[in-house]
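Topology and contacts: notes
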Amino acid sequence: MADDQKPKTKLLDELEKGPWPSFVKEIKQAGEKSPVCDDLLGQLELSYEEKKGHWKHGGIVGVLGYGGGVIGRYSDLPDKFPNVAHFHTMRVNQPAGWFYTSDAIRTLCDIWERHGSGLTNMHGSTGDIIFLGTKTSELEPAFKELTEAGFDLGGSGSAMRTPSCCVGPARCEWSCYDTLKTCDDLTRQYQDEMHRPPFPYKFKIKCSGCPNDCVASIARADLSIIGTWKDDIRQDDAAVAQYARAGLDIRKDVCDRCPTRCMEWDGQKLAINNRECVHCMHCINVMPKALRPGQERGATLLIGSKAPIVQGALLSSVLVPFVPENELMDTLKELIRRIWEFWDEYGNNRERVGELIQRVGMANFLDAIGLDPAPEMVAAPRDNPYIFFQKEEAAAEPEPAGA
Amino acid sequence: MADVNAVAEEMYKLVAEFFGKKNLKAGDLTKAMIEKFGADCTKTDCKLAIRQLMESGRCVYSYFGGSYITLPHKEGAAPE
Amino acid sequence: MSAQAAKRITDIGPPHYDKFLHPVIKKNYGKWVYHETLAPGVLCHVAESGDRIYTVRAGSPRLLSVQTLRRFADLADKYCGGHLRFTSRNNVEFLLDNKEKIEALKKELNELGFPVGGTNNAISNIVHTQGWVHCHSSATDASGIVKAVMDVLYDRFTHEDLPAKLRVALACCLNMCGAVHCSDIAILGIHRRPPKIQHDVLSKVCELPTLISSCPTGAIRTKTVDGKQSVEVVEEQCMYCGNCYTVCPAMPMNDPENDGISIWVGGKVSNARSAPKFSKLAIPYLPNNPPRWPEVVRAVVNIVDVYAKNAKKFERLGEWIDRIGWPRFFELTGIPFTRYHIDDFKHAGLSYARSAHIRF
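Remember, predicted model here, so these are calculated numbers, not experimental data. (Residues numbered from 1 in each chain as written. Chains lettered and ligands numbered in written order. Predicted model: local features only at pLDDT ≥ 70, side-chain atom pairs only at ≥ 80, totals over all residues. Heavy atoms only, no water.)

Let us look at the overall build of chain B. Counting its regular elements, chain B contains 3 helices and 2 strands. Reading the helices (α) and strands (β) of chain B from amino to carboxyl end gives α-α-α-β-β. The C-alpha atoms of chain B give 13 Å as radius of gyration, which agrees with the globular expectation for 80 residues (12 Å, within 12%). If you line up chain B on its principal axes, its C-alpha atoms span 45 × 20 × 20 Å. Relative to its full complement of 80 residues, chain B shows a buried share of 45%. Of the roughly 4100 Å² of accessible surface on chain B, a fraction of 56% belongs to carbon and sulfur atoms. Between the averaged position of the 11 positive side-chain charges in chain B and that of its 11 negative side-chain charges there is a distance of 4 Å. (Helix = DSSP H or I, 4+ residues; strand = E, 2+ residues; numbered from the N terminus. Rg over C-alpha atoms; globule rule 2.2 N^0.38 Å. Buried < 20%, exposed > 50% of the residue type's maximum accessible area, 1.4 Å probe, protein only. Areas by Shrake-Rupley, 256 points an atom, 1.4 Å probe, with all protein chains shown as cover. Lys, Arg positive; Asp, Glu negative; His and termini not counted. Charge placed at Lys NZ, Arg CZ, Asp CG, Glu CD.)

Let's shift gears to the overall build of chain A. Per the secondary structure count, chain A includes 15 helices and 16 strands. Seen through its C-alpha atoms, chain A measures out along the principal axes to roughly 85 × 65 × 40 Å. Counting over 403 residues, chain A shows a buried share of 60%. Of the roughly 16100 Å² of accessible surface on chain A, a fraction of 49% belongs to carbon and sulfur atoms. Computed over 47 positive and 59 negative side-chain charges, the separation of the two mean positions in chain A equals 4 Å.

Contacts between chain A and chain C engage 114 residues on the former and 108 residues on the latter. Each partner contributes to the roughly 10000 Å² buried at the junction of chain A and chain C, and carbon and sulfur atoms together form 59% of this total. Taken as a group, A:Trp20, A:Lys51 and A:Arg171 account for 10% of the area that chain A buries against chain C, more than any other trio of residues on that side. Taken together, the connections running from chain A to chain C amount to 10 salt bridges. Residue A:Glu113 is joined to C:Arg70 by a salt bridge in which the shortest nitrogen-to-oxygen separation is 2.9 Å. Scanning the region where chain A abuts chain C turns up 68 residue pairs in polar contact (both at pLDDT 80 or more). The element that contributes the greatest number of residues to the side of chain A that touches chain C is helix α4 (residues 102–115) of chain A, accounting for 7 residues. Of the residues belonging to the side of chain A that touches chain C, the class tally is 53 nonpolar, 30 polar and 31 charged. Of the strand pairs in this sheet, strand β5 (residues 99–101) of chain A and strand β5 (residues 83–86) of chain C are connected by 3 bridges, and their pairing is antiparallel. The residue of β5(C) that forms the bridge with A:Thr101 is C:His83. (Contact = heavy atoms within 4.5 Å. Buried area = accessible area lost by both parts, 1.4 Å probe. Salt bridge = Lys/Arg side-chain N within 4 Å of Asp/Glu carboxyl O. Polar contact = N/O pair within 3.5 Å; in protein donor to acceptor, adjacent residues only side chain to side chain. Nonpolar A, V, L, I, M, F, W, Y, C, P; charged D, E, K, R; others polar. Pairing = 2+ DSSP bridges.)

Let us now look at the nonpolar core. Formed by 104 residues in total, the largest nonpolar core has its most connected members in A:Phe203, A:Ile225, A:Ile339, C:Phe86 and C:Phe94. With 9 residues, helix α12 (residues 328–346) of chain A is the single largest residue contributor to this core. C:Phe157, C:Val297, C:Ala299 and C:Ile324 belong to the second largest nonpolar core, which has 66 residues in total. (Core = buried A, V, L, I, M, F, W, Y, C linked by side-chain atoms within 4.5 Å.)

A few words now on the side chain of A:Arg73. Relative to the assigned elements, A:Arg73 resides in strand β3 (residues 73–75). For the buried A:Arg73, no salt bridge exists, and the shortest N-O distance to an oppositely charged side chain is 9.5 Å, to B:Glu75. Within the structure, A:Arg73 has its side chain in polar contact with the side chain of C:His136 (distance 3.4 Å). Those residues in contact with A:Arg73, other than ones at most four positions away along the chain, are A:Trp55, A:Lys56, A:His57, A:Gly58, A:Ala85, A:His86, A:Phe87, A:His88, C:His134, C:Cys135 and C:His136.

All right, on to the sheet that holds strand β15 (residues 297–303) of chain A then. All names here are of chain A. Ordered by their spatial adjacency, 5 strands build an open sheet running β8-β9-β10-β15-β16, and the pairing between neighbours is mixed. If you trace the sheet from one side to the other, it starts and ends with β8 (164–165) and β16 (317–324), each paired once. Docked against the sheet, helix α6 (residues 179–189) engages β8, β9 (205–208) and β10 (223–229), running at close to 165° with respect to β9. The sheet strands contacting helix α14 (residues 362–369) are β15 and β16, and the helix crosses β16 at an angle near 40°. (Axes fitted to C-alpha atoms, helices over the stretch in contact; angles between N-to-C directions.)

Further remarks concern the state of the cysteines. Residues and elements named next belong to chain C. Counting across every chain of the model gives 1 disulfide over all chains. The disulfide bridge from cysteine 206 ends at cysteine 248, spanning 2.0 Å between sulfur atoms. Sign of the S-S torsion, about 80° for the bond between cysteine 206 and cysteine 248, identifies this disulfide as right-handed. With a gap of 42 residues between them, cysteine 206 in the loop between α6 (199–205) and α7 (208–213) and cysteine 248 in the loop between α8 (243–247) and β11 (260–265) connect regions that are remote in the sequence. (Disulfide = S-S within 2.5 Å.)

What follows concerns the interface of chain C and chain B. Listed per partner, the contact involves 8 residues of chain C and 9 residues of chain B. Between chain C and chain B we count 1 salt bridge in total. B:Arg51 serves as the salt-bridge partner of C:Asp11, at 3.5 Å between the closest nitrogen and oxygen. Where chain C touches chain B, the interface holds 2 residue pairs in polar contact (both at pLDDT 80 or more). Residues belonging to the side of chain C that touches chain B are distributed by class as follows: 3 nonpolar, 3 polar and 2 charged.

A few words on the packing of helix α2 (residues 23–31) of chain A against helix α3 (residues 66–80) of chain C. α3(C) packs onto α2(A) with a crossing angle of 100° between their chain directions and a minimal axis gap of 8 Å. Judged by the inter-axis angle, α2(A) sits roughly perpendicular to α3(C). On the side of α2(A), the interface is formed by A:Glu26, A:Gln29 and A:Ala30, while α3(C) contributes C:Gln67, C:Thr68 and C:Arg71. Here the residues of the contact of α2(A) with α3(C) sort into 1 nonpolar, 3 polar and 2 charged. (Parallel < 35°, antiparallel > 145°, perpendicular 65-115°, else oblique.)

Another point: the environment of C:Gln198. All names here are of chain C. Within the element layout of this structure, glutamine 198 appears in the loop between β8 (185–190) and α6. We classify glutamine 198 as partly exposed; its relative accessible area is 35%. Along the primary structure glutamine 198 and proline 249 are separated by 51 residues, whereas in three dimensions their C-alpha atoms are 8.9 Å apart. Other than its neighbours up to four places away in sequence, glutamine 198 contacts Pro249, Ala250 and Pro252.

And the structure:
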């Protein structure tokens, strides 16, 4: 297309200036080969002028047999911007840990240049590779080439989402279980639930190797898997002393910042009361050469986090305080099966599992999935006396005090 | 084990009956089939039946804040 | 089923990550001992074997053309034996086994316009949503605001000079595809008027019971309008969440005059020191003012600057506010405290000050 036919984008051009990399430049660059980008820019410029979006949500586009992985999108001004009249998104399962070779990147680029706008997100909020913008007729051909290259679609709608994980043992000394393997196993295990929406609403799983939670699992996953350890923090006293000599104020910056004040520094030696450690990671973060997570490793499983829609935002809360690493996958599969069974049966349309638990109560949920209550599950026991006693228990002989 | 073909056929009837009136989710169809066929019909049978309906193109998934199973149709948002 | 359909490949999942790992990573998988930061954006991880892997992290606009991705692939070939990855905050990371190549790679990245940084106590990339580029329900754009804010916070990305990590996130509506609700600073697009009901098409495109039950406050009721089945919205009960629009396209929320931005602060997801927590409302409304949203940029930069100046080492924004208290936060930032800052949804009482602990 000749330059004089390119859309006038006075407002967007402003966003080509400045030091941070510019998405407008990216769209224009893709537009050198893909004319749909010109209409995308034209419509976006109009949104900037009018302060309003111009997309409509599609409902039924997808690839044959799948109900997930494609987000239908149509312009509400198809006459004005015919090249983006259809502009659907494809979500593609990312390799665990977002590792690639240059060849894999080029393969993805070639497919998307042939069948779509040439615009991507690396990556979307959930973690998928996002292919941004194509016509309905290109969905099947793109899918065919993707699967032939070893890639598959992610989830959307009332379905499992592609799980995601932190960099884990691939490049982090703190990872308390194999986040990549767990994420990859779960992604493969639940392809059906990802591609053929079976649930009341979405279900997300995120795997973080340590309590620093680099994939925000506690805020964003229905099932949060956060690595932790049970034994003592591994401690290299010589390295601690070296940090002190290098100017780190261990008392102020490490001990006083410990949430349970479980450590003391006498100027020579750091003493940690590991029984009182809550595994927050602060001291380890500050002195990575001197302190390391222990060796009895595994994960804490938490349940229920979500963004505000519908009934308000939730953080995940503890479901299983500790699962040893070698039992993790089996425990997860069994637990997920029971959780889904309950949610399938009782969840309302668009009710995330966290909201269902809020509605029916955690204790009832625990009963349903066959877990015993544990004090790690609560910040504190209830402070209100409106207790729903179960009939059979109230009728039974009272247990002796202190039993 | 129920006959998956028979389950698929009953599901299709239900989807066709409610088309344009009420959106049915995979869970709604599964519950209805288990009620109709009794304990013989498992969730796995229903899953396979849905898969058959989708892969033959007789039914499609639709999305409006939730994923539903419906008959193929031209969607409202699509341009002419 | 036709022969063609039978050949269809489905449900294979992603390629196995093992195929993509750098040889040094494969060899030392799970055997890393410690890491150090060589410069902002440059990490060195040391394995039990003594092997080292170097990481150079660069910011990206998230929205990437295939041309730029191919450029990244070329850089990976030139410096990293073809190995690269992306982070959860949309940064690109190049993985090197040769320390000598770091400076040349950094230079090329900077020349291409991709800043190296985003580690430790720097502001990392702003995670964000699609906005007007690709979303039907956005109350604002996403990429444009991120670009405008990061242009001004650029030095905070390339330098690690903040008291602690600072995580900024943007979501263009309450659906929060970007799950911004636990960020140090969250930029959130909001609507401020109830949906404009399209009575003439509503009953054709939407299912009434689903629509009515979609409202978290029960504000939607059936109503016959001009002889057609439709609904009405009890305005006093509507808090503009847009859930009805998600289930029914005849309830559009877009409103150029009233849509805009709210700013939330003090959330975190890490367990380090204090427990994970939600972001709290700082500024209820700022106007949509494209292309550079100056009001939003000023507000974010002000909060960052006041935090940088006043917080102690290792204090995340929310931890700093916990120490000084919300009255001081509003005083120091000059942000007015309004009726909108007091919660009135479920469990609102839990956020009231239920003690006589007051700082004067």
